[in-house]
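Results of the structural survey
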Amino acid sequence: MKAKGILYLIPNVLVLETGLDMMAPVVKKVIAATSYYLVEDFRTVRRFISSLKLGLNLEEIHMEKLDKKTPDPQVRKLLDPVLNGQDAGIISEAGCPGIADPGARAVAWAHQLGIRVVPLPGPSSMFLALMGSGFNGQAFTFSGYLPIERKERIKAIKELETRALKENTTQLFMETPFRNNRLLEDLLEQLDAKTLLCIASELTGEGEMIRTRKVADWRKEKPDLHKIPAVFLIGLS
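Scope of this entry: the structure provided in the associated data block. Values in this document were obtained by computation on a predicted structure and should not be read as measured data.

Once that is clear, we can look at the overall build of the protein chain. Across its full length, the protein chain carries 10 helices and 10 strands. Overall, the C-alpha framework of the protein chain stretches about 60 × 35 × 30 Å when taken along its three principal axes. Sequence separation of 24 or more characterises 76% of the internal contacts of the protein chain that already satisfy a separation of 6 or more. Within the structure as shown, the protein chain displays about 12,200 Å² of accessible surface, and the carbon and sulfur contribution to it stands at 51%. Where the 32 positive side-chain charges of the protein chain centre and where its 29 negative ones centre are 3 Å apart.

Listed below in structure tokens is the structure:
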């Protein structure tokens, strides 16, 4: 019986053209030896691989789309080459696959099919933000994206604040970059003035900001986060 391939979870950069600085040697080694990928966005992944300067011919690399709209039977079918012995990599839009990322769907199938899953080290906006916040790093919850509908989003914000303050559990969440300012407006309007809010934006980039302040102070000096990747945290210092 032919041995199955390996499914590698390959981190992507958080900021374009930082791959040479941010990526561990093992990541470059795996990418240099892999020719089949499941990706969210073809263009993003091509630019990432090119930035590593590995001398690869992108025309020889086969990519299949895997996003939240991919039908579940198709997700299963995308793993057929791995079942037949070919190694594959999952690369998300940014950061680590499987964390607030549709790559988790392929990973779930891989476990059902007995395929070995190997996560590789790399930048994670969630953990970088948590490390730099000064909040509780022993008990925390990552809620991913909050609801788009404003009424539900406000309800979620209130619940996260209550949990953070009553349980001393750091609450992390994020938003699509072009909706960041809308989320920030709701946070500053709905959170108590004394609540601590950390904003971590453009992590690993030249404009990186990680700052923890009371909501009252953020109201006096509100950053413009439009189209800037950011993670938000509520907690106790």
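Below, the discussion takes up the sheet that holds strand β2 (residues 36-39). What the 5 strands build is an open sheet, ordered β3-β2-β4-β1-β5; its pairing is parallel. At either end of the open sheet lies a strand with only one pairing partner, and these are β3 (62-65) and β5 (116-119). This sheet shows a mean twist of 25° between the axes of neighbouring strands, independent of strand direction. Bridge analysis of strand β1 (residues 6-10) against strand β4 (residues 88-91) gives 4 bridges, and the strand direction is parallel. By the bridge assignment, leucine 7 is partnered in β4 with alanine 88.

As a further point, take the environment of isoleucine 228. Here isoleucine 228 shows up in the loop between α10 (215-220) and β10 (230-235). When the C-alpha atoms of isoleucine 228 and glutamine 112 are compared, they prove to be 37 Å apart, with 116 residues separating the residues in sequence. The contacts of isoleucine 228, once residues within four sequence positions are left out, are Pro177, Asn180, Ser201 and Glu202.

Definitions and limits used
Residues numbered from 1 in each chain as written. Predicted model: local features only at pLDDT ≥ 70, side-chain atom pairs only at ≥ 80, totals over all residues. Heavy atoms only, no water. Helix = DSSP H or I, 4+ residues; strand = E, 2+ residues; numbered from the N terminus. Contact = heavy atoms within 4.5 Å. Areas by Shrake-Rupley, 256 points an atom, 1.4 Å probe, with all protein chains shown as cover. Lys, Arg positive; Asp, Glu negative; His and termini not counted. Charge placed at Lys NZ, Arg CZ, Asp CG, Glu CD. Pairing = 2+ DSSP bridges. Axes fitted to C-alpha atoms, helices over the stretch in contact; angles between N-to-C directions.

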